[in-house]
Amino acid sequence: MNMHTKVALYKEAIESEDPTVEYNPNGELVATVIINVTNLSAARSYRDYGQMDYDRNILRTITPLPKFDYCVIDDVKYVPLERQQIGSRNSIMVKEAGSK
């Protein structure tokens, strides 16, 4: 598996009524990892899910990733859609944030 893409994983920012808690609108950085990122082709998207989507990627790792609400790949924000774990291999389908 060719792991060469830097991905930043974030938790959503939570507003607090407590004035001592600093609010960061970008969220909290959970981890930065180097993993395999593969584009989900429109043909495979249609074959497997019944709809053509051009804005989805598959993140593949050998070790489990921490829980995250969104990730940033090449300055583009993605949200997780589906997680799958088979043995020691993990895959997460993500979709570009703001797309349908």
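Heads up: these notes are all about the structure in this document. Quick caveat, the model's predicted, so the values are computed rather than measured.

### Looking at the overall build of the chain
(1) Moving on: Across its full length, the chain holds 1 helix and 6 strands.
(2) Moving on: Along the chain, helices and strands appear, N-terminal first, in the series β-β-α-β-β-β-β.
(3) Moving on: With 100 residues in all, the chain has 33% of them scored as buried.
(4) Moving on: Taking as baseline every contact in the chain between residues at least 6 positions apart, the subset at least 24 positions apart corresponds to 52%.
(5) Moving on: Total accessible area on the chain is roughly 6900 Å²; 48% of this is exposed by carbon and sulfur atoms.

### Thoughts on the nonpolar core
(1) Moving on: Judged by nonpolar contacts, the single largest core of 14 residues is most densely connected at V7, L9, L59 and C71.
(2) Moving on: Elements represented by at least two residues in this core include exactly β1 (5-11), β2 (28-39), β4 (70-73) and β6 (89-96).
(3) Moving on: Those residues in contact with L59, other than ones at most four positions away along the chain, are I35, N36, V37, F68, C71, I73, N90, S91, I92 and V94.

### Some words on the packing of aromatic side chains
(1) Moving on: Per the counting criterion, the structure on display carries 1 aromatic pair.
(2) Moving on: Over the ring of Y70 we find K77; its NZ or CZ atom is 4.2 Å from the centre of that ring.

### Quick notes on the environment of L9
(1) Moving on: Tracing the sequence through the fold places L9 in strand β1.
(2) Moving on: According to the relative accessible area criterion, L9 is buried, its value standing at 0%.
(3) Moving on: A sequence separation of 70 residues divides L9 from V79, and the C-alpha atoms of the two residues are 10.0 Å apart.
(4) Moving on: In contact with L9, other than residues within four places in its own chain, are E28, L29, V30, A31, V33, L65, P66, F68, Y70 and C71.

### Side note on the sheet that holds β4
(1) Moving on: Spatial strand order, β1-β2-β3-β6-β5-β4: 6 strands in a closed barrel with antiparallel pairing. For this sheet, the mean angle separating the axes of adjacent strands, direction not counted, is 45°.
(2) Moving on: Relative to strand β3 (residues 56-61), β2 runs antiparallel, the two being bridged by 4 bridges. By the bridge assignment, N36 is partnered in β3 with R60.

### What to know about the side chain of T5
(1) Moving on: Structurally, the position occupied by T5 is in strand β1.
(2) Moving on: A polar side-chain atom of T5 sits 3.4 Å from a polar atom in the side chain of H4.
(3) Moving on: When neighbours within four sequence positions are excluded, T5 is seen to be in contact with V33, I34, I35, V37 and I73.

About the thresholds
Chains are numbered independently. Their residues run from 1 in the order of the written sequence. Owing to the predicted nature of the model, reporting of local features is limited to residues with pLDDT of at least 70; listing and counting of side-chain atom pairs is limited to 80 or more, with chain, interface and lining totals taken over all residues. Computation of side-chain values covers all heavy atoms of the structure but excludes hydrogens and water. Secondary structure elements are defined from DSSP: runs of H or I of at least 4 residues count as helices, runs of E of at least 2 residues count as strands, and each element is numbered from the N terminus. Burial classification: accessible surface area is computed with a 1.4 Å probe over protein chains only, and a residue below 20% of its type maximum counts as buried, one above 50% as exposed, and the rest as partly exposed. For this analysis, residues touch if any pair of their heavy atoms sits within 4.5 Å. Note that accessible areas follow from Shrake-Rupley with a 1.4 Å probe, and for residues the cover is restricted to the protein chains shown. In this text, buried Ala, Val, Leu, Ile, Met, Phe, Trp, Tyr and Cys residues form a nonpolar core when linked through side-chain atoms within 4.5 Å. By convention, a stacked pair of Phe, Tyr or Trp rings (six-membered ring in the case of Trp) has centres within 6.5 Å and planes under 30 degrees apart, an edge-to-face pair has planes over 60 apart, and any other such pair is tilted. Should the NZ of a Lys or the CZ of an Arg lie within 6 Å of a ring centre and within 35 degrees of the ring normal, that charge is described as sitting over the ring. Here a strand pair is declared whenever DSSP counts at least two bridges between the two strands. Axis definition: a line fit to C-alpha positions, over the contact stretch in the case of helices; interaxial angles, taken between N-to-C directions, run 0 to 180 degrees. Residues adjacent in sequence count toward polar contacts only when both atoms are side-chain atoms; beyond that, a polar contact is any pair of N or O atoms within 3.5 Å, and within protein one must be able to donate a hydrogen and the other to accept it.

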